[in-house]
Every structure is written in structure tokens, then in C-alpha cells.
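Descriptive analysis of the structure
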Amino acid sequence: LLRGSIYLTLQWLVGWLAPQKPLRSFPPFATSYLKMPGKTLAELIRKREITSTKLVEMHIDRIVEVNPLVNAIVQTAFAKALDEAARIDELMKEETFDTDPKYSAENMPYLGVPITCKEIIFVKGLTATAGLKSRIGHVCKEDAEVVKAMTAAGAIIIGLTNTSELAMWWESHNPVYGYTC
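The rules behind the values
Residue numbers restart at each chain and count upward from 1, following the sequence in its written direction. Only residues with pLDDT of 70 or above have their local features reported here, since the model is predicted, and side-chain atom pairs are shown and tallied only from 80 upward, although totals for entire chains, interfaces and linings are computed over all residues. The basis for the side-chain values is all heavy atoms of the structure; hydrogens and waters are excluded. For patches, a residue must show more than 30% relative accessible area and have no salt bridge; joins then use 9 Å for like charges and 5 Å for nonpolar side chains, namely Val, Leu, Ile, Met, Phe, Trp and Tyr. Computed by Shrake-Rupley with a 1.4 Å probe, the accessible areas treat only the displayed protein chains as cover when residues are assessed. Throughout this description, the term salt bridge denotes a Lys or Arg side-chain nitrogen within 4 Å of a carboxyl oxygen of Asp or Glu. Counting from the N terminus, the helices are DSSP H or I runs at least four residues long and the strands are E runs at least two residues long. Put simply, a nonpolar core is a bunch of buried Ala, Val, Leu, Ile, Met, Phe, Trp, Tyr and Cys residues held in one set by side-chain atoms that sit within 4.5 Å of each other. Working definition: with a 1.4 Å probe on protein chains only, accessible area under 20% of the residue-type maximum means buried, over 50% means exposed, and in between means partly exposed. Between two residues, a contact is recorded if the distance between any of their heavy atoms is within 4.5 Å. Being paired, for any two strands, means DSSP has found at least two bridges between them. Whether a crossover is right-handed depends on one test, that the path from the first strand over the helix to the second runs clockwise when the strands point away from the viewer. For the purposes of these results, a polar contact is taken to be a pair of N or O atoms within 3.5 Å, where, inside protein, one atom must be able to donate a hydrogen and its partner to accept one; residues adjacent in sequence count only when each atom of the pair is a side-chain atom.

1. Brief notes about a nonpolar patch on the surface
Taken together, the side chains of Leu166, Met168 and Trp169 make up a nonpolar region of the molecular surface, amounting to roughly 390 Å² of accessible area. Structurally, Leu166 is set in the loop between β3 (156-161) and β4 (173-174).

As C-alpha cells, then:
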């Protein structure tokens with residue numbers, strides 16, 4: 001108990017004495033849609049208050065704007081995401097869309113909503129290095145089960161985010177993509 005208390009005191013003291021880096025400022029959100037939960041966005045798409053294509057474009061614009069500051073998105077699937085969003089928008093124009101149970105909120109709760117996955121998760125056509133140099137160039141031949149589940153729920157993969165080597169640490173740093181700040 002004493003050793004733990006000493007450690008916490010030293011940790012606090014070092015943190016207090018260390019020079020503090022100024023916090024970065026990020027550009028403000030261009031729209032409130034970028035702060036909404038996924039199911040809320042899907043509901044707005046279903047109500048036709050926004051199209052999936054427009055929503056995907058907004059997220060792509062934000063990634064392009066902010067990612068150079070943080071290095072969070074390490075692979076993009078923008079073209080494929082825009083194609084999928086356009087497909088969903090066209091599908092919604094069909095007469096039977098609103099009455100077909102396979103497109104219901106229960107079956108597709110994330111209809112048209114853009115998401116990202118960690119780079120360690122297999123997404124067909126993208127690479128999965130798991131932060132290891134030895135896996136550079138490993139292109140996934142199929143989606144991981146979680147990706148299959150999310151896309152079946154209507155989500156659209158727009159990119160992969162950085163991860164630590166083999167997802168073994170809490171920070172996102174690896175020799176392939178570097179630090180996420």
C-alpha cells in the first residue's frame with residue numbers, strides 16, 4: 001500500500017513539474033451531423049432529412065481537414081464508401097423500401113452511416129498490418145465477422161484507424177504508421 005502511494009505521488013509530481021505542451025486547437029465542426037450518434041443519423045437518413053451520400057461526404061471532408069493533425073485514419077476507402085452511399089440512396093427511392101422489413105431500423109440500425117474500423121480488423125480489399133512491418137502489403141481477402149455484422153446493419157466503412165502493434169497497448173503507435181496524437 002505504501003509503495004503504491006509513493007508511486008502515485010511521484011507520478012503526480014512528475015506530471016506537475018514537467019513542461020506542459022499547449023493543447024492543439026482543431027477546426028470547429030462544420031455541421032452538427034458530425035457529432036450525432038450513429039442510430040440517430042440512420043433515422044435521419046430513413047426520414048430523408050439527409051442522404052447517405054451527403055453524410056459520407058461530410059465525414060470525408062472532416063477526415064481530410066483534421067487527419068493531418070492527428071494521424072488517426074491510416075487507410076481510406078472513400079471511393080467505395082461513396083459508391084455504397086449512392087447505392088443506399090437509390091435503394092431508398094424504391095417504392096417498397098419503407099415497407100420491406102429487411103431495411104427496417106431493427107434489421108439495419110446503421111443504414112447509410114459511415115464508420116471506421118481499427119486497422120487490425122480485416123476489411124476486404126484493405127491491408128491489415130496490425131502495426132507490424134512484416135505484414136505490410138497483406139491485403140485482406142474477406143471481411144472480419146464484426147465488419148460483416150456492421151455492414152449487414154447498414155454501416156459504411158470509410159477507413160481504418162491506427163492501432164498499436166497487435167493492439168497490445170492503449171496508445172495508437174506502431175512502426176508502420178507512427179503515432180496518433
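2. Describing the nonpolar core
Within the largest apolar cluster, 25 residues are counted, with the highest numbers of intra-cluster contacts made by Ile50, Val56, Met92, Phe97, Leu111, Ile156 and Ile158. For this core, the secondary structure elements donating two or more residues are α2 (38-46), α3 (52-70), α4 (78-91) and β3. Sequence-distant contacts of Ile156, that is, excluding residues within four places in its chain, are made with Ser52, Val56, Ala81, Glu84, Ala85, Ile88, Gly112, Val113, Pro114 and Ile115. Ala77, Cys117, Val147 and Ile157 belong to the second largest nonpolar core, which has nine residues in total.

3. Some thoughts on the pairing of strand β2 (residues 114-118)
One ladder, built from five bridges, connects β2 with β3; its direction is parallel. In the sheet register, Thr116 faces β3, and the bridge partner there is Gly159. The parallel pair β2 and β3 is bridged by helix α5 (residues 145-152), and the resulting crossover is right-handed.

4. Remarks on the side chain of Ser52
With respect to the helices, strands and loops of the structure, Ser52 is situated in helix α3. Within the structure, Ser52 has its side chain in polar contact with the backbone oxygen of Gly112 (distance 2.9 Å). Not counting residues up to four positions away in its chain, the partners in contact with Ser52 are Ile45, Ala85, Ile88, Asp89, Gly112 and Ile156.

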